[in-house]
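Close look at the chain arrangement
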Amino acid sequence: MPATSDDLTAVDPMDRSLHEQGPPHELFARLRGGCPVHPGTGPDGHRFWSVTRDEDVTAVSKDPATFSNHRGGIFLHPDQVAPLDFLRQVLLFKDPPEHRNYRRILASVFTPKAIAAMEDTVRAVVTDVIDGVVERGRADLARDIAVPVPLRVLAGLLGIPDDDVDQLDDWTHQIERAQQSDEPAGATAVFGEMVGYLHQQIERQMAAGGDTLVTRLSGAEVDGQRLAPEEILTFFGLLVFAGNDTTRNTIATGTLALLAHDQWSTLRDRPEIVPQAVEEILRWTSVVKYFARTATCDTEIEGQPIAEGEKVVTWFSSASRDGDLNEDPDRFDVTREKPQHRAFGGGGPHACLGNQLARLELRVLFEELPRRLPDLALDGDPVYLDSNWAHALTSLPVRFSPGPRTA
Ligand code: HEM
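Let me begin by describing the structure that accompanies this report. Here the structure is a predicted model, which is why all the values come from computation and not from measurement.

In this section: the overall build of the chain. Helices and strands together make up the secondary structure of the chain, namely 18 helices and 14 strands. Here the C-alpha atoms of the chain give a radius of gyration of 21 Å, agreeing with the 22 Å that 2.2 N^0.38 yields for 407 residues. With the principal axes as the frame, the chain shows a C-alpha extent of 65 × 55 × 35 Å. In the chain, which comprises 407 residues, the share counted as buried stands at 55%. Taking as baseline every contact in the chain between residues at least 6 positions apart, the subset at least 24 positions apart corresponds to 72%. Carbon and sulfur atoms provide 49% of the accessible area of the chain, an area that totals close to 17100 Å².

Right, here's the structure in full:
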């Protein structure tokens with residue numbers, strides 16, 4: 001029986017218990033149909049609005065003058081993860097026009113040509129990581145494969161020595177935990193530690209010369225001014241936050257989707273469809289469930305008045321399942337032609353800068369894994385991260401016939 005709008009306003013899509021087995025897609029479908037601009041109360045006691053339709057998610061994302069990242073940050077609590085004043089130095093927390101100048105710097109490093117040139121490096125990392133488990137016949141895919149692949153690619157990009165990769169991993173976990181925590185600014189100390197470490201990296205890499213992200217950033221200019229070391233640091237911090245967990249979570253939840261829908265063998269037998277399968281995996285998993293923006297003036301969405309200062313939460317995971325984007329959106333199908341999704345955001349000024357790198361990592365991984373572990377199967381229950389923000393697995397036990405290492 002379809003729920004009425006009244007029933008729906010009483011439901012809280014932020015309720016973590018609704019996310020225990022992944023995003024609450026059934027609820028999202030009902031919200032899109034019956035309550036597309038849904039009221040809620042944030043952890044700071046302020047009213048906020050959830051938008052679930054693709055049309056609204058993209059409209060809000062593309063209108064930063066009305067819906068600001070800078071004013072109240074990207075989470076419900078302004079000081080989630082770290083104090084807002086600190087976070088405002090980060091690209092993702094800036095609004096145009098300042099945002100545009102900073103984004104241009106990072107965009108110059110993430111050109112399609114530069115990313116395409118990374119394919120051999122990415123394949124070498126993926127091959128080495130698979131070599132680490134292939135003889136065992138069993139693995140925890142979420143930890144043994146999904147964690148090290150993006151982490152090592154990112155460490156390479158940032159010029160961080162192999163010995164320090166575990167430290168980087170630890171920091172990313174602490175930031176992720178702070179995102180779930182009810183305590184504001186839980187990652188402040190982690191950022192302090194990272195700042196010290198990254199200062200050393202900057203000095204080391206500048207002294208060594210060569211072409212790394214750091215040396216490029218240190219040569220870049222905004223409005224004719226070189227970046228200060230603190231600004232280079234915030235780019236580092238952003239990439240650690242934005243480029244790591246996201247790719248990791250897509251690998252783990254994407255593999256689970258393939259296994260749960262019996263489509264592992266499809267990828268194994270038809271490697272030529274991997275690029276489109278990656279888009280379907282991105283659509284299906286949409287691992288960043290939402291971002292929040294703050295209304296800069298009184299406005300409205302779908303006729304619902306939104307007051308200045310209220311937050312609007314754009315549910316990317318819901319938009320990716322909107323029937324306006326794809327036919328039969330609740331069917332997972334790696335043979336789907338040109339799947340459309342909002343996994344990388346609603347297409348506004350903050351649209352994911354690392355999407356080409358993420359796509360490269362996912363393509364190489366989903367080419368190599370089914371080839372090397374052709375009979376991969378679930379070997380226990382997956383464990384979801386307790387989060388209403390990240391669609392993530394902390395454990396995905398798998399088994400497979402042991403195979404040889406490459407060398
Ligand atoms: C599957 C993996 C990934 C997913 C699902 C993802 C998702 C997202 C989303 C949803 C946004 C916000 C979009 C918006 O607000 O409209 C974003 C922004 C961003 N992402 Fe990604 N991302 C991924 C991988 C990466 C990687 C590998 C990097 C870089 C190494 C990266 C760097 C960034 C940056 C720098 C931003 C901020 C852009 C800005 O504010 O202008 N992401 N990403």
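No other protein atom reaches the iron atom of the ligand as a donor apart from C352 (SG), found 2.3 Å away. Along the chain, the position of C352 falls in the loop between α17 (316-319) and α18 (355-372).

Counted by the stated rule, this structure contains nine aromatic pairs. With 6.4 Å between their ring centres and 35° between their planes, Y102 and F235 make a pair best called tilted. Taken together, the positions of Y102 in helix α5 (residues 98-109) and F235 in helix α13 (residues 229-243) put the pair 133 residues apart, joining distant regions of the chain. Taken together, a centroid distance of 5.4 Å and an interplanar angle of 55° make the contact between W284 and F332 tilted. Of this pair, W284 sits in helix α16 (residues 274-285) while F332 is found in the loop between α17 and α18, placing the two residues 48 residues apart along the sequence. Take W284: its relative accessible area is 12%, and that puts it in the buried class. Clustering of aromatic rings is evident, with ring pairs tying together F75, F291, F316 and W389. Looking at K94, its charged tip hangs above the ring of Y102, at a distance of 4.6 Å from the centre.

Residues in close proximity to the ligand total 32 residues, the closest being H99, R103, R293, H350 and C352. Here H99 contributes a side-chain N or O atom positioned 2.7 Å from an oxygen atom of the ligand. Measuring from a nitrogen atom of the ligand, one finds a backbone N or O atom of A242 at 3.4 Å. For the ligand, the cavity whose grid points lie within 2 Å of the majority of its atoms is the largest cavity. Secondary-structure elements contributing two or more residues to the shell around the ligand are α5, α13, α14 (245-260), β7 (290-295) and α18.

Where burial is concerned, most of β7 is hidden: six out of the six residues are buried. Here β7 shows a buried face lined by Y290, A292 and T294 and a second buried face lined by F291, R293 and A295. Looking at chain direction, β7 and strand β10 (residues 311-315) are connected through five bridges and run antiparallel. Pairing of T294 across the sheet is with K311, part of β10.

One can find R342 in the loop between α17 and α18. In terms of polar contacts, R342 uses its side chain to reach the side chain of D54, at 2.6 Å. Residues contacting R342, with those up to four places away along its chain left out, are D54, T58, S286, F316, A319, S320 and L325.

Further remarks concern the packing of α14 against α18. In a pair of packed helices, the angle between the axes and the distance between the axes together describe the arrangement. The N-to-C vectors of α14 and α18 enclose an angle of 40°; their axes lie 11 Å apart at closest approach. When the interaxial angle is binned, α14 and α18 end up oblique. The hand of the α14/α18 crossing is right-handed. Contacts from T247, T250, I251, G254, T255 and L258 in α14 reach A358, E361, L362, L365 and F366 in α18. A class-by-class count of the residues in the contact of α14 with α18 yields six nonpolar, four polar and one charged.

What follows concerns the layout of surface pockets. Considering only enclosed or pocket space, the largest pocket measures out at about 330 Å³ in volume. For the lining of the largest pocket, the elements supplying multiple residues, two or more each, are β1 (37-41) and α10 (165-180). Split by residue class, the lining of the largest pocket holds six nonpolar, nine polar and three charged.

Here we come to the environment of G40. Among the secondary structure elements, G40 is positioned in strand β1. Sequence separation of G40 and K311 is 271 residues, and the distance between their C-alpha atoms is 9.7 Å.

Glancing now at the nonpolar core. Formed by 129 residues in total, the largest nonpolar core has its most connected members in L106, F110 and F366. Beyond its immediate chain neighbours, meaning those up to four positions away, F366 contacts I251, G254, T255, L258, W264, L267, V274 and I281.

The subject of this paragraph is the pattern of salt bridges. One pass over the structure, following the stated rule, counts 28 salt bridges. R123 is paired through a salt bridge with E368; the nearest N and O atoms lie 2.7 Å apart. Highlighted residues: R123 in helix α7 (residues 119-131) and E368 in helix α18, separated in sequence by 245 residues. Take R123: its relative accessible area is 23%, and that puts it in the partly exposed class. Residue classification places E368 among the buried residues on the basis of a relative accessible area of 7%. Through salt bridges that share partners, E119, R123, R363, E367, E368 and R371 make up one connected network.

Calculation criteria
Residues numbered from 1 in each chain as written. Predicted model: local features only at pLDDT ≥ 70, side-chain atom pairs only at ≥ 80, totals over all residues. Heavy atoms only, no water. Helix = DSSP H or I, 4+ residues; strand = E, 2+ residues; numbered from the N terminus. Rg over C-alpha atoms; globule rule 2.2 N^0.38 Å. Buried < 20%, exposed > 50% of the residue type's maximum accessible area, 1.4 Å probe, protein only. Contact = heavy atoms within 4.5 Å. Areas by Shrake-Rupley, 256 points an atom, 1.4 Å probe, with all protein chains shown as cover. Donors = N, O, S within 2.8 Å, 3.2 Å for Na, K, Ca; no water. Phe/Tyr/Trp six-rings, centres within 6.5 Å; stacked < 30°, edge-to-face > 60°. Lys NZ or Arg CZ within 6 Å of the ring centre and 35° of its normal. Near = heavy atom within 4 Å. Polar contact = N/O pair within 3.5 Å; in protein donor to acceptor, adjacent residues only side chain to side chain. 1 Å grid on protein atoms, 1.4 Å probe; cavity = no way out; pocket = protein on both sides within 12 Å on 5 of 7 lines; lining within 4 Å. Sits in = over half its atoms within 2 Å of the grid points. Pairing = 2+ DSSP bridges. Axes fitted to C-alpha atoms, helices over the stretch in contact; angles between N-to-C directions. Parallel < 35°, antiparallel > 145°, perpendicular 65-115°, else oblique. Left-handed = near helix turned anticlockwise from the far one by under 90°. Nonpolar A, V, L, I, M, F, W, Y, C, P; charged D, E, K, R; others polar. Points joined across faces, edges and corners; volume = space filled by probe spheres on them. Core = buried A, V, L, I, M, F, W, Y, C linked by side-chain atoms within 4.5 Å. Salt bridge = Lys/Arg side-chain N within 4 Å of Asp/Glu carboxyl O.

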